[in-house]
Amino acid sequence: MNTFSIPMNSLRAAMVCSAVKDIRYYLVGVYVDTVAGKIVSTDGHKMFVCYGPTAPVDPFIIPLDDLSRVLKSYPAAYNRGKEKACESVTVSVHRTDGKTWITMEGYAGAKFTFTAVDGKYPDYARVIPQTVKPMEFATYNAAYLAEAFDAIAIYRNKSAKEADKHCCGLMMQGSGPGIVADGESDALVLVMPMRSDVAHEAFTSAVAIARRKLSPMAAAA
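Bear in mind the structure is a predicted one, so any value in this text is a computation, not a measurement.

1. Structural notes on the overall build of the chain
So, step 1. A count of helical and extended segments in the chain gives six helices and 11 strands.
So, step 2. Viewed in the frame of its principal axes, the chain has a C-alpha envelope of about 80 × 35 × 30 Å.
So, step 3. Put simply, the chain has 221 residues, and 41% of those count as buried.
So, step 4. Long-range pairs, those at least 24 residues apart, make up 66% of the contacts in the chain with a sequence separation of at least 6.
So, step 5. Here the chain contributes 24 positive and 22 negative side-chain charges, whose respective centroids are spaced 5 Å apart.

Next up, the structure:
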């Protein structure tokens, strides 16, 4: 059995970008890459990546429902934005009868034992750009961007009220995934661009119209 710890804020942030219901059942969870030392989640539209533990155990996927049960066992002092929100959860992993079993420690020593998601996680590293290109025009789903910014805020243990004050940047990469990050380099969210009829010319036109002054007659009307 291998035992290590994972900060709650890392797990909560990853849950934001995990699939909730998907035919690709292996996405409905949080991936712990114990080889690369990463925590990863994706729903196919956005992907969260941050530092994670390294351990002599194969990477595994924590089921979303079980992870939620573990985190909900902790009282309000451990919630997002609270003093203890970045405390670590003890995780133990072992294999029995061909299955990977996970035991996570809840509040006051409570133990939650369940099997890891039985599936192969996608090669997430292929999605991460090898280099950051100059800014290129791209269009995104506004809801996905909001969730990406919120995932970073949760990772930094910002409460929902504080999140709108936490500064994140978006590096648009054209047809490649946009990169959302703040001033630190230990976490990011990739947001996949979407096809749209919106073109660069639409912005030029919108700005021109916004700057246009109404005639005195039109303004009076």
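2. Comments concerning unusual backbone geometry
So, step 1. Of note, the phi angle at Ala-108 is positive, near 55°, even though the residue is not glycine.
So, step 2. Tracing the backbone shows Ala-108 in the loop between strand 7 (99-105) and strand 8 (111-115).
So, step 3. Positive phi is not limited to glycine here, since Asn-157 has a value of about 60°.
So, step 4. Positionally, Asn-157 belongs in the loop between helix 3 (142-155) and helix 4 (160-163).

3. Looking at the nonpolar core
So, step 1. Membership of the largest hydrophobic core comes to 42 residues, with the highest contact counts inside it found for Leu-11, Phe-48, Phe-60, Ile-62, Met-104 and Val-189.
So, step 2. Beyond its immediate sequence surroundings of up to four residues, Met-104 is in contact with Leu-11, Ile-62, Leu-67, Val-70, Val-89, Thr-90, Val-91, Ala-110, Lys-111, Phe-112 and Phe-114.
So, step 3. Formed by 14 residues, the second largest nonpolar core is a distinct cluster that contains Leu-27, Tyr-31, Met-47 and Leu-64.

4. Side note on the side chain of Asn-157
So, step 1. Since its relative accessible area comes to 16%, Asn-157 is described here as buried.
So, step 2. At 2.7 Å, the side chain of Asn-157 forms a polar contact with the backbone nitrogen of Gly-81.
So, step 3. Leave out the neighbours within four places in its chain, and Asn-157 touches Asn-79, Arg-80, Gly-81, Lys-82, Ala-85, Cys-86 and Glu-162.

Cut-offs and rules
Each residue is numbered by its place in its chain's sequence as written, counting from 1. Local features in this predicted model are restricted to residues whose pLDDT is 70 or higher, and side-chain atom pairs enter the listing and the counts only when it is 80 or higher, whereas totals over whole chains, interfaces and linings include all residues. Values reported for side chains reflect all heavy atoms of the structure, with hydrogen atoms and water molecules removed beforehand. For the purposes of this entry, the term helix denotes a DSSP run of H or I that reaches at least four residues, the term strand denotes a run of E that reaches at least two, and both are numbered from the N terminus. Throughout this description, buried means an accessible area under 20% of the type-specific maximum (1.4 Å probe, protein chains only), exposed means over 50%, and partly exposed covers the range between. Residues count as neighbours in contact if any of their non-hydrogen atoms are within 4.5 Å of one another. Positive residues here are Lys and Arg, negative ones are Asp and Glu, while His and the chain termini are left out of the count. Charge positions come from single atoms, namely NZ of Lys, CZ of Arg, CG of Asp or CD of Glu. Here, the term nonpolar core denotes a set of buried Ala, Val, Leu, Ile, Met, Phe, Trp, Tyr and Cys residues that are joined through side-chain atoms within 4.5 Å. Polar contacts here mean pairs of N or O atoms no more than 3.5 Å apart (in protein, one a potential hydrogen donor and the other a potential acceptor; neighbouring residues in sequence count only if both atoms are side-chain atoms).

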